[in-house]
Each structure stands twice: as C-alpha cells, then as structure tokens.
Amino acid sequence: MFGIRAPKKTSTAANAVVTGAGSGIGRAFALEIAQRGGAVLCSDINLESATETVQLIEQAGGQAWACRCDVSQLAEVEALAAKADELLPASVDLVVNNAGVGVGGQPIGEVSIDDWKWTLGINLWGVIHGCHVFTPRLRKLGRGGIINVASTASFSAAPLMGPYNVTKAGALALSETLSAELAGTGVSVTALCPTLVKTNINANGRIVGDSSKLLDRLMSRLGMSAQRVARDTLNALDRGDLYVMPQFDARMIWRAKRLIPRTYAGAAGLISRFGTSRLH
Ligand SMILES: NC(=O)c1ccc[n+]([C@@H]2O[C@H](COP(=O)([O-])OP(=O)(O)OC[C@H]3O[C@@H](n4cnc5c(N)ncnc54)[C@H](O)[C@@H]3O)[C@@H](O)[C@H]2O)c1
C-alpha cells in the first residue's frame, strides 16, 4: 500500500509538561491536551491547585500527574524534567512554559526593584529555564513542540506595566530565536500573545491601584476564555505557526506598532490615561 502519511499533530496524544497548570491559561492547556488524548504533568508553585487540575482531567477520563515546581529556580525545573521522565508514558514531546505573574500600576522609577526581580524571575527566567532544560531533549527526540506564553505586552509598550512588558518582550525574543535555531529539527516553537484572558492573574499578582480596577473591569467585559486561547494555540502549534494572537486587538496593535511606531507610542500613553480617568 502506497500513500503519504500525514505527520502526527504535535498536540495529539502528547506527553506534555505544563507550568503554572493550577489556574487560568495553564489549567486550560492541561485540560485541552488531555482531551486530545495526551498525558500531562501539571506543575505549579501551588501543588494544591495543580492537583485540582489533575482531578479535573481524571474526572474527564484523562491521564495526568501533579508536581510542585517554582519555575524561577533552575534546579526545580531540572527536577520537573526528571519527574516527567519518571511519570509520563513516553518522552516529553510538548512543553508549555506558561507560569507567570502580573505586575502593574506604577511607572518606571516608582515600581520597586523587588517587583522587577520577582516578575523577571518568574515570567522571564521561568521561560528561559524551561527552554534551557527541555530543548536538548526535544532536539534529540527530533519532534515535538514548545509553547511559550508571552503576551501582547511583548510589543504593546502599555504604560505602567514596565516589568511585565520587559519579561514578555524577552519571552517573545527567546521564542523567535529558538524557532530559528530549531528550524529543520522537527521541533516547533509557538509564542502565544493574547490581550485579555479571563483568569486569576489580577488576584494572584502585584497589580495596584486604578490599573487593577481597570484590568478587572476590562477582563470581565472583553476577556477571552482561557479554554478558547488554549485550543487556538494548540491548533497553531500543529500548523507550525510561530505567533499566535488569538484576539483582533492584539493583531491590530502588532500591525500599528510596525506601520506607525512613533504615533503608536504617543497613542498608547493617551489611551492608558483615558482608561484610568474613566474609573473616577
Ligand atoms: N490573563 C491574561 O489576560 C493574560 C494575557 C496575556 C498573557 N498572560 C500570561 O498567561 C500566563 C498564565 O497566566 P494566567 O492569566 O492564567 O494567570 P493565573 O494567575 O490564573 O495563573 C498563573 C499560574 O501560574 C502559577 N505560578 C505563579 N508563579 C509561579 C512560579 N514561580 N512557578 C510556577 N508556577 C507559578 C500560579 O500559581 C498560577 O497557577 C502568564 O504567563 C501570563 O503572563 C495572561
């Protein structure tokens, strides 16, 4: 029998590791991967919430395990990879570097150095650790994928979000570089850049003052569901797409930044001030 077999979709029956899988987008990725027949190691700094995700997967007939891992610590991400070798039915072929926190509400110069370090440690070093530990394994396997959860903040330069914007710009640059380095190896890289997604990021982070109120209001009105974001991203990974911008506003910001960079920067400041003034 002759014929061309379609390549296996990366997200189908994957052996996956998801960081920050105890809430929001990470939980949605874990559930969606399991629904596609995958086995998932759900890791989070909060073991209890990762365990809840595992229970949800098991109730739906899927296969999953929980593990505590603080992604800001290289040794813990190395231990996570060892745990994946021990628990998953086969070699890890999908890694979702999702764990992240929000910091916002203060301008550069007022936001504390402690907040800078905290955000960089989790949002940027966490993704660096994930790529550093898992890339050699995937390269050796010769197939699979890495999803890095970046944000529209990677390129939107929204005021009062300095530390967050810096970490997400770094996560995007890392994804682009990794994608170039892995070209032709069979391993895909996808960077997720959403705007607002309905999750617990505001409650879990260090977003202060009017920015927190505005985020709550916008998220409840305009936020996309985490489930939809996870589904779109896994489909994009299967297509081999590097960038995923699930929402229209993300795609508009991406284009405006490239076409009219100077006008864009001024407008971003004015829109931000207008948004917070509407709260009073
Ligand atoms: N919600 C949005 O609007 C939005 C938009 C763009 C990007 N993102 C990104 O999505 C990712 C997931 O965030 P979310 O919105 O689901 O928020 P969330 O707060 O609901 O979930 C984040 C999860 O990460 C975990 N976590 C925090 N610090 C950790 C650490 N050091 N090690 C391991 N796990 C840790 C938390 O315990 C939590 O379970 C983040 O990278 C965030 O920056 C979110």
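Look up a bit, the structure's there.
Enquirer: Could you give me a rundown of the site of the ligand, with the residues and numbers involved?
Expert: Residues in close proximity to the ligand total 29 residues, the closest being Ser-23, Asp-44, Tyr-164, Thr-199 and Asn-204. Ile-25 is positioned with one of its backbone polar atoms (N or O) 2.8 Å from an oxygen atom of the ligand. Tyr-164 has a polar side-chain atom sitting 2.6 Å from an oxygen atom of the ligand. Of all the secondary-structure elements, those providing two or more residues to the shell around the ligand are helix H1 (24–35), helix H6 (162–181) and helix H7 (201–204).

Enquirer: Quick one: what's the story with the environment of Pro-194, residue by residue and with numbers?
Expert: Position of Pro-194 relative to the elements: it lies in the loop between strand E7 (187–192) and strand E8 (197–198). When the C-alpha positions of Pro-194 and Arg-251 are compared, they lie 9.2 Å apart, and in sequence the two are 57 residues distant. What Pro-194 contacts, discounting residues up to four positions off in sequence, is Ala-150, Ser-151, Thr-152, Pro-246 and Gln-247.

Enquirer: Hey, could you go over the nonpolar core for me, with residue numbers and the actual values?
Expert: Within soluble globular proteins, side chains that are nonpolar tend to cluster in buried spots. Formed by 29 residues in total, the largest nonpolar core has its most connected members in Phe-29, Ile-33, Val-40, Cys-42, Leu-94 and Val-96. Among the nonpolar cores identified, the runner-up in size contains 27 residues, and Val-95, Val-101, Ile-122 and Ile-146 belong to it.

Enquirer: Mind laying out the packing of helix H4 (residues 113–141) against H6, listing which residues take part and the relevant values?
Expert: The interhelical angle for the contact between H4 and H6, taken along N-to-C directions, is 15 degrees, at an axis separation of 8 Å. Classed by the angle they form, the pair H4 and H6 counts as roughly parallel. Handedness of the crossing formed by H4 with H6: right-handed. Counting all contacts with H4, which are made through Trp-116, Thr-119, Leu-120, Asn-123, Leu-124, Val-127, Ile-128, Cys-131, Thr-135 and Arg-139, the residues of H6 involved are Gly-162, Pro-163, Tyr-164, Val-166, Thr-167, Lys-168, Gly-170, Ala-171, Leu-174, Leu-178 and Glu-181. Looking at the contact of H4 with H6 residue by residue, the class counts come to twelve nonpolar, six polar and three charged.

Enquirer: Requested: an account of the pattern of salt bridges, with residues and values cited.
Expert: Inspection of the entire model under this criterion finds twelve salt bridges. Between Arg-206 and Asp-114 there is a salt bridge, and its shortest N-O distance comes to 3.4 Å. Taken together, the positions of Arg-206 in strand E9 (residues 206–207) and Asp-114 in helix H4 put the pair 92 residues apart, joining distant regions of the chain. Overlapping salt bridges, with partners in common, bring together Glu-32, Arg-36 and Asp-238 in one network.

Enquirer: How would you explain the side chain of Lys-168 if you had to name every residue and give the values?
Expert: Mapped onto the fold, Lys-168 is located in helix H6. One buried charged side chain, Lys-168, makes no salt bridge at all; its nearest oppositely charged neighbour is Asp-44, positioned 13 Å away. A polar contact is formed between the side chain of Lys-168 and the backbone oxygen of Val-149, at a distance of 3.1 Å. If we skip the residues at most four places from it in the chain, Lys-168 touches Asn-123, Val-149, Ala-150, Ser-151, Ala-153 and Ser-154.

Enquirer: Give a description of the pairing of strand E6 (residues 144–149) that names residues and reports values.
Expert: The side chains of a regular strand alternate between the sheet's two faces. Most of E6 sits out of view: six of its six residues are buried. Alternating residues of E6 divide into Gly-144, Ile-146 and Asn-148 and Gly-145, Ile-147 and Val-149, and every residue in both groups is buried. Where strand E4 (residues 94–97) meets E6, four bridges bridge the pair, whose relative direction is parallel. Bridging from a neighbouring strand, Asn-97 pairs with Asn-148 of E6.

Enquirer: Provide a residue-level description of the state of the cysteines, including the pertinent values.
Expert: Applying the stated criterion across every chain, the model contains zero disulfides. Here Cys-42 is not cross-linked by a disulfide; its sulfur's nearest cysteine counterpart is in Cys-67, at 10.0 Å. A disulfide-free cysteine, Cys-131 has its sulfur positioned 13 Å from the sulfur of Cys-69, the nearest such atom.

Enquirer: So, the side chain of Thr-152: which residues are in play, and what are the values?
Expert: Looking at where Thr-152 falls in the secondary structure, it is placed in the loop between E6 and helix H5 (153–156). In terms of polar contacts, Thr-152 uses its side chain to reach the backbone carbonyl oxygen of Cys-193, at 3.2 Å. Beyond its immediate chain neighbours, meaning those up to four positions away, Thr-152 contacts Cys-193, Pro-194, Thr-195, Ala-250 and Ile-253.

Enquirer: So what's going on with the pairing of E4? Residues and values would help.
Expert: Side-chain alternation along E4 places Leu-94 and Val-96 on one buried face and Val-95 and Asn-97 on a second face that is also buried. Alignment of strand E1 (residues 15–18) against E4, held across three bridges, turns out to be parallel. The residue of E4 that forms the bridge with Val-17 is Val-95.

Enquirer: Requested: an account of the sheet that holds E6, with residues and values cited.
Expert: Strands sit in the order E3-E2-E1-E4-E6-E7-E11 across an open sheet of seven strands; the sheet is parallel. Only two strands of the sheet have a single neighbouring strand rather than two, namely strand E3 (63–68) and strand E11 (243–244). In this sheet, strand E2 (residues 39–44) lies alongside E1 in parallel orientation, the contact comprising four bridges. Opposite Asn-15, over in E2, you have Ala-39 as the bridge partner. Seen against the sheet, H6 touches E6, E7 and E11 and runs at an angle of roughly 160 degrees to E7. Docked against the sheet, helix H9 (residues 226–239) engages E4, E6, E7 and E11, running at close to 145 degrees with respect to E7.

Procedures and definitions
- Residues numbered from 1 in each chain as written.
- Predicted model: local features only at pLDDT ≥ 70, side-chain atom pairs only at ≥ 80, totals over all residues.
- Heavy atoms only, no water.
- Near = heavy atom within 4 Å.
- Polar contact = N/O pair within 3.5 Å; in protein donor to acceptor, adjacent residues only side chain to side chain.
- Helix = DSSP H or I, 4+ residues; strand = E, 2+ residues; numbered from the N terminus.
- Contact = heavy atoms within 4.5 Å.
- Core = buried A, V, L, I, M, F, W, Y, C linked by side-chain atoms within 4.5 Å.
- Buried < 20%, exposed > 50% of the residue type's maximum accessible area, 1.4 Å probe, protein only.
- Axes fitted to C-alpha atoms, helices over the stretch in contact; angles between N-to-C directions.
- Parallel < 35°, antiparallel > 145°, perpendicular 65-115°, else oblique.
- Left-handed = near helix turned anticlockwise from the far one by under 90°.
- Nonpolar A, V, L, I, M, F, W, Y, C, P; charged D, E, K, R; others polar.
- Salt bridge = Lys/Arg side-chain N within 4 Å of Asp/Glu carboxyl O.
- Lys, Arg positive; Asp, Glu negative; His and termini not counted.
- Pairing = 2+ DSSP bridges.
- Disulfide = S-S within 2.5 Å.

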